[in-house]
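Coordinate inspection notes
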Amino acid sequence: MKKIAIAIDGPAAAGKSTIAKLVAQKLNYIYIDTGAMYRSLTLQVIREQIDFHDEGKIVSLLNDLDIELNQNFEVFINKQNITEEIRANDVTNHVSKIASIPAVRDEMVKRQQNLAADRGVVMDGRDIGTRVIPDAEVKIFLIASVEERATRRHDENRKKGIPTDLEKLKKEIENRDRMDSERASSPLKKADDAIEIDTTSLSIEGVLQRILSIVDQEV
Ligand code: CDP
Ligand code: CDP
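Attention here is on the structure that accompanies the text. Just so you know, these numbers come straight off a predicted model, no measurement behind them. Along each chain, residues carry numbers from 1 onward, in the same order as the chain's sequence is written. Each chain gets a letter, beginning with A, and each ligand a number, beginning with 1, in the order they are written. With the structure being a predicted model, the display of local features is reserved for residues of pLDDT at least 70 and the display and counting of side-chain atom pairs for 80 or more, all residues being used for whole-chain, interface and lining totals.

1. Quick word on the site of ligand 2
Being near a molecule or strand means, for a residue, that its backbone-placed C-beta atom lies within 6 Å of it. Around ligand 2 lies a shell of 15 residues, among which Gly15, Lys16, Ser17, Thr18 and Arg152 are the nearest. Only DSSP runs of H or I covering at least 4 residues are called helices, and only runs of E covering at least 2 are called strands; the numbering of each starts at the N terminus. Only helix H1 (16-27), helix H7 (146-160) and helix H9 (204-216) provide two or more residues apiece to the shell around ligand 2. Classifying every residue of the shell around ligand 2 by side-chain character gives 6 nonpolar, 6 polar and 3 charged. Ten residues, namely Ala, Val, Leu, Ile, Met, Phe, Trp, Tyr, Cys and Pro, are considered nonpolar, four, namely Asp, Glu, Lys and Arg, are considered charged, and the remaining ones, Gly among them, are considered polar.

2. Some thoughts on the environment of Asp9
Looking at the element boundaries, Asp9 is found in strand S1 (residues 5-9). Among the residues examined, Asp9 registers 28 C-beta atoms within 10 Å and is labelled buried. Through-space distance from the C-alpha of Asp9 to that of Gln71 is 20 Å; in sequence the pair is 62 residues apart. Beyond its immediate chain neighbours, meaning those up to four positions away, Asp9 contacts Gly125, Arg126, Asp127, Ile128, Gly129, Phe141 and Ala194. Exposure in this text rests on C-beta crowding, where 20 or more other C-beta atoms within 10 Å of a residue's own make it buried, 12 or fewer make it exposed, and counts in between make it partly exposed. The C-beta atoms are placed from the backbone. C-beta atoms are placed from the backbone for every residue, and two residues are taken to be in contact when these atoms lie within 7 Å.

3. What to know about unusual backbone geometry
The backbone phi angle of Gln49 is positive, close to 50 degrees, even though this residue is not glycine. Position of Gln49 among the secondary structure elements: in the loop between helix H2 (34-47) and helix H3 (55-63). Residue classification places Gln49 among the exposed residues on the basis of 6 C-beta atoms within 10 Å. A positive phi is found at Lys79, a non-glycine position, where the angle reads about 75 degrees. Position of Lys79 among the secondary structure elements: in the loop between strand S4 (75-77) and strand S5 (80-81).

4. Quick word on the nonpolar core
Structurally, a nonpolar core is described as a collection of buried Ala, Val, Leu, Ile, Met, Phe, Trp, Tyr and Cys residues joined by way of C-beta atoms within 7 Å. One finds Ile6, Ala7, Ile8, Val122, Met123, Ile133 and Ile140 to be the most contacted residues of the largest nonpolar core, which totals 34 residues. Beyond its immediate sequence surroundings of up to four residues, Ile133 is in contact with Ala5, Ala7, Ala116, Met123 and Ile128. Formed by 18 residues, the second largest nonpolar core is a distinct cluster that contains Met37, Val45, Ile58 and Ile101.

5. Focus: the pairing of strand S6 (residues 121-125)
Successive side chains on a regular strand alternate, one facing one side of the sheet and the next facing the other. Where burial is concerned, most of S6 is hidden: 5 out of the 5 residues are buried. Residues of S6 alternate between two faces, with Val121, Met123 and Gly125 on one and Val122 and Asp124 on the opposite face, all of them buried. Inspection of the sheet shows S1 paired to S6 by 5 bridges, in the parallel sense. What sits directly across from Asp9, in S6, is Gly125. At least two DSSP bridges between two strands are required for those strands to pair.

6. Describing the environment of Ile46
Mapped onto the elements, Ile46 comes out in helix H2. Its 16 C-beta neighbours within 10 Å are what place Ile46 among the partly exposed residues. Note: C-alpha distance between Ile46 and His94 (48 residues apart in sequence) is 9.0 Å. Excluding residues that lie within four positions of it along the chain, Ile46 makes contacts with Asp90, Val91 and His94.

7. Description of the sheet that holds strand S7 (residues 138-143)
Hydrogen bonds between backbone atoms are what pair the strands of a sheet, whose relative direction is either parallel or antiparallel. Sheet architecture is open: 5 strands sit in the order S2-S6-S1-S7-S8, paired in parallel fashion. If you trace the sheet from one side to the other, it starts and ends with strand S2 (30-33) and strand S8 (195-198), each paired once. If you compare each strand with its neighbour and ignore which way they point, the axes differ by 20 degrees on average. The sheet contacts of H1 involve S1, S2, S6 and S7, and relative to S6 the element is tilted by about 180 degrees. Only the contacting stretch of a helix is used when fitting its axis, a line to C-alpha atoms as for every element, and angles between N-to-C directions run 0 to 180 degrees.

8. Here we look at the environment of Lys21
Topologically, Lys21 is positioned in helix H1. Owing to 16 C-beta atoms within 10 Å, Lys21 belongs among the partly exposed residues under this scheme. When the C-alpha positions of Lys21 and Asp33 are compared, they lie 9.1 Å apart, and in sequence the two are 12 residues distant.

9. Brief notes about the packing of H3 against helix H5 (residues 102-115)
Between H3 and H5, the least distance of the axes is 9 Å, while the angle of their chain directions is 15 degrees. Viewed along their axes, H3 and H5 adopt a mutual orientation that is roughly parallel. Considering the relative orientation of H3 and H5, their crossing is right-handed. Between H3 and H5, the residues in contact are Glu55, Ile58, Val59, Leu62 and Asn63 and Ala103, Val104 and Glu107, respectively. In the contact of H3 with H5, the residues fall into 5 nonpolar, 1 polar and 2 charged. Convention used here: angles under 35 degrees read as roughly parallel, angles over 145 as roughly antiparallel, angles from 65 to 115 as roughly perpendicular, and any remaining angle as oblique. Handedness of a helix crossing follows the sense of rotation of the near helix relative to the far helix, less than a right angle counterclockwise being left-handed and clockwise being right-handed.

Here you go:
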């Protein structure tokens, strides 16, 4: 069967990574979480106490930073496992600032294109269908209402025993979506040829089946 590239984009907590992992598993494709790459750089900027506005320093930090994603969904920087750390609030609340730096995006996109050079890949993020793999055979744009997305994160936090505040989560998600959509360099935007799926009242299984039937028509 023909191997293709599947791009899954959309705003925060729309279900991209949950769905992308399942699609990859089902098709025996590799899964690449591009958000984890921006989060990894952000973690390192925080650790090294670099000024968030010092773009030159941030770019040279990235140039020396080895970011590795494996197929157990683990993330490493310079061989250190930072899978949990990159989900911390401090990282989440600063990542969009770092991801808005054009030279950071250029370098990340180059690395992501290398990772996706062979087909048989599911990649999720914000600019996969528009910039990283513009010729992806399948492009999906997942959306859901902000209330639903905040509730999903809220439930996740509760399950993990992390203190959580629904209204605060909603504001943080709205802020991040605004920054991601308004930046000049490859903003969050549905590609013209992407298929939009509103997951607000769909189950994970329901979204998975819709995407698999779209993929079926391509392979
Ligand atoms: O999973 P969640 O929606 O919280 O975010 P993520 O996919 O881990 O991405 C974190 C942040 O990285 C986003 O809010 C964007 O600022 C940035 N990002 C990006 O700019 N481009 C991508 N392809 C992926 C993520
Ligand atoms: O990657 P992204 O930030 O877009 O979302 P995620 O990390 O996959 O988180 C979405 C959360 O919503 C997860 O806890 C899923 O279990 C849940 N969910 C979903 O992804 N899709 C649905 N249709 C319903 C719930």
